[in-house]
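Summary of structural features
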Amino acid sequence: PQRSQLNLLVLSVSHSAQSPALSYITSIWHNRLYLYSAAAVFVGIWISLKMGLKKQSLSADTAPKVYKAEKKNGCSDRDAVVHVSGVKIFFGSQTGTAKGFAKQLSEEVQTLGLTCEVIDMKEYDPDDRLADECTSRSVCVFIVATYTDGQPTENAEWFCKWLEEASTDFRYGNTYLKGLRYAVFGLGNSVYVGHYNTVGKNVDKWLWMLSGVRIMTRGEGDCNVVKSRNGSVQADFEAWKVKFLNRLQNLVKGDKKSCSGNCKNGGSCKNKRKDGHGQEEEEDAEDLMESSSDEDESGLQEGKKSVVDMEDLGDIMTSVKKAKSKEEGQMVKLSKLNGVKKVEDEGERREMITPALREALTKQGYKLIGSHSGVKLCRWTKSMLRGRGGCYKHTFYGIESHRCMETTPSLACANKCVFCWRHHTNPVGTEWRWKMDPPEKILQDSLEKHENMIRQFRGVPGVKPERYEEGLAVKHCALSLVGEPIMYPEINTFLRLLHSHRISSFLVTNAQFPQEIRSLVPVTQLYVSVDASTKDSLKKIDRPLFKDFWPRFQDSLRALGEKRQRTVYRLTLVKAWNVEEMQAYSELIALGQPDFIEVKGVTYCGESSASSLTMANVPWHQEVVAFVQQLADMLPQYEIACEHEHSNCLLIAHTKFKVDGEWWTWIDYERFQELVQVHEDSGGQQSFSALDYVAKTPRWALFGAEEQGFDPNDTRFQRRNKTKDISGC
């Protein structure tokens, strides 16, 4: 028993001795997950430290080399980084305005010490080269104009076509131009409501869709001086240019685009100066630049939360609509006078003639009057002063060309005809929105300036003294210089003033203002330009601003048919454009029933980037004669009456002017003045017709005469090897 007790004691001691180790191991086993976690954390920390030490050693190895290179070049660490390597300016231009802006901007950029290249889009292959601009650290500027129907100009067609296709082509991808820094300035005319600055907007959108980086908001220049934010397209560009150059200087310094100070998250602004203002002025809604493609309809964002509750959305939209309607209400109101929209405050109206336009028209020989009128000496006036023959109006209607004043009370027009002899330097518009000069001042200044131009011919060799003296007294006024005279709201007052001075009136309109035609007082002779006989060809040739140009055109012809005084269709033949539309022309003639139809071959006025017209489009006189003969055969009540071969022009007259086999197309101007005076004295009650003031047409003016319309009292003069002066009516 004693032995067994001893064994039990040994076992008890042994068990008590092993219990701490066993319990420790058991505890570890039960908490093994914590051990695994600690080990994982330790390994992660070890790996992180290892990588950090490796990076530090690499930077330590390269730092001395970089420092030595910079020290060798004498540059600081900040100066060694080039943020902008240069600027490339791409232009798409039709008339040269965008090209001129590109050159101006290039000169300004070079003054900042940057290299700058001006690039014609036609000479640049975007497929091969545009992607390179993403890594060249250059800034690309696109100055593009919008041409007919919202299309790009001829030199920008391929560039825009490629850009449009690339923006939607999966083979390029939406990051194809990632890193390309760009800015866009578009040129357009807001009178083209549906196509205003379309090209500029599209180029901006397509570049953005390809992940280009827009460095500033798109700029837009408006040729419509009424709605231009700065008064003209040149002023719009100058305002945008200043902002672009400021932005470029910040990019050169490496600065990011500064914040306006109104951070959406309500936090502190990192770009604020100590005085609390942003580094750049905020570009708000008053800037000339409109929102870009990713910023459209973002006017609600400024000063608002980034997230809007649904119940608040209705109130926000209502306030926006009220603000917009209030702005529109302050801008215009409808006037009962000729249906013209007028600005509330007369002082807010702008002048039609901008400084740049004034300079261009003055170079062309215009004597500008006030803010929207002009007068110019016709080449036929000069010709008849020398006894070298008069214009076709002298042959057809008995005008004394040396006593005719060519003027207009409105330089603006509603069309941009391809054969415009002013090369589209005059403004365009569909309504009167400019400052208006009184008709008395326009007439007085017109007569004075015309007389001064006539006086310059005193003593000039070849000028006949008796015609010089007669020329100082204006007897006829051709309201056909340029633009649309009927747009002038006081055109009726102006016509009455002409007649009170016993000056006859020849008014030409482009058949886009039917109501104004109906409201016209009696005119010696009222013209409507019928440049095409179908809707498509009229759009192609006249390029009208009105969307409803064809209904307006047809209604204008009907309005002409309601007139009792002399009315004329003026047809301008453009070879390969409108000479095959014989049947359609006869239908238009039946619509307006004019007294006369003048058919004239188009006059080539030299090359113009605004028109594709060439000498190939000018018909020969025999081609015009053939056209007129075919047209007259289709008109039972009309015959060919007169011809003026020197002007490439023929006259078709209604047979009511053929009395006893003799034509009476000339005008008894004294009789007209008597009739119009009686009409005015009777308050418009006593009217008169075209047949009441006719005169017999001389033999030499008739079609088929040997003289071909040249007055035998004058001596025909042929210029040789000299540039022809093609100005005149």
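Given the structure is predicted, the values throughout are model-derived calculations rather than measurements.

A few points about the pattern of salt bridges
For the coordinates displayed, the defined rule picks out 25 salt bridges. Of the charged contacts, one joins Arg-558 and Asp-555 as a salt bridge, the two residues approaching to 4.0 Å between their closest N and O atoms. With Arg-558 and Asp-555 both in helix α17 (residues 549–561) and 3 residues apart, this pair spans about one turn of that helix. What makes Arg-558 partly exposed here is its relative accessible area of 38%. Connected through shared salt-bridge partners, Asp-204, Arg-214, Arg-218 and Glu-220 make up one network.

Remarks on the environment of Gly-212
Mapped onto the fold, Gly-212 is located in the loop between α6 (198–209) and β5 (213–214). Classification of Gly-212 by relative accessible area gives buried; the value is 8%. A sequence separation of 31 residues divides Gly-212 from Arg-181, and the C-alpha atoms of the two residues are 6.1 Å apart. If we ignore the near neighbours within four places in the chain, the residues touching Gly-212 are Leu-177, Leu-180, Tyr-182 and Leu-207.

Observations concerning a nonpolar patch on the surface
Together, Tyr-24, Ile-25, Ile-28, Leu-33, Leu-35 and Tyr-36 line one region of the surface with nonpolar side chains, adding up to about 680 Å² of accessible area. At the level of elements, α1 (2–30) and α2 (32–73) are the ones that each hand at least two residues to the nonpolar patch. Looking at the secondary structure, you find Tyr-36 in helix α2.

Re the side chain of Arg-467
Within the element layout of this structure, Arg-467 appears in helix α13 (residues 465–471). Given a relative accessible area of 12%, Arg-467 falls into the buried group. Within the structure, the side chain of Arg-467 is placed 2.8 Å from the side chain of Asp-714, a separation counted as a polar contact. Setting aside chain neighbours within four positions, we find Arg-467 in contact with Met-384, Leu-385, Gly-387, His-402 and Asp-714.

Things to note about unusual backbone geometry
Phi at Asn-197 takes a positive value of approximately 55°, unusual for a residue other than glycine. Judged by relative accessible area, Asn-197 falls into the buried class, the value being 1%. Despite not being glycine, Ser-211 shows a phi value in the positive range, around 75°. Locating Ser-211 in the fold gives a position in the loop between α6 and β5. When its relative accessible area of 23% is taken as the criterion, Ser-211 is described as partly exposed.

Observations regarding the confidence of the model for the protein chain
Per-residue pLDDT for the protein chain has a mean of 78; in total, 75% of the residues score no lower than 70. Confidence drops under pLDDT 50 across residues 62–79; counting only partners more than four residues distant or on other chains, this segment forms 6 contacts.

Criteria and cut-off values
Residues numbered from 1 in each chain as written. Predicted model: local features only at pLDDT ≥ 70, side-chain atom pairs only at ≥ 80, totals over all residues. Heavy atoms only, no water. Salt bridge = Lys/Arg side-chain N within 4 Å of Asp/Glu carboxyl O. Helix = DSSP H or I, 4+ residues; strand = E, 2+ residues; numbered from the N terminus. Buried < 20%, exposed > 50% of the residue type's maximum accessible area, 1.4 Å probe, protein only. Contact = heavy atoms within 4.5 Å. Patch = residues over 30% accessible without salt bridge, like charges linked within 9 Å, V, L, I, M, F, W, Y side chains within 5 Å. Areas by Shrake-Rupley, 256 points an atom, 1.4 Å probe, with all protein chains shown as cover. Polar contact = N/O pair within 3.5 Å; in protein donor to acceptor, adjacent residues only side chain to side chain. pLDDT = per-residue confidence, 0-100.

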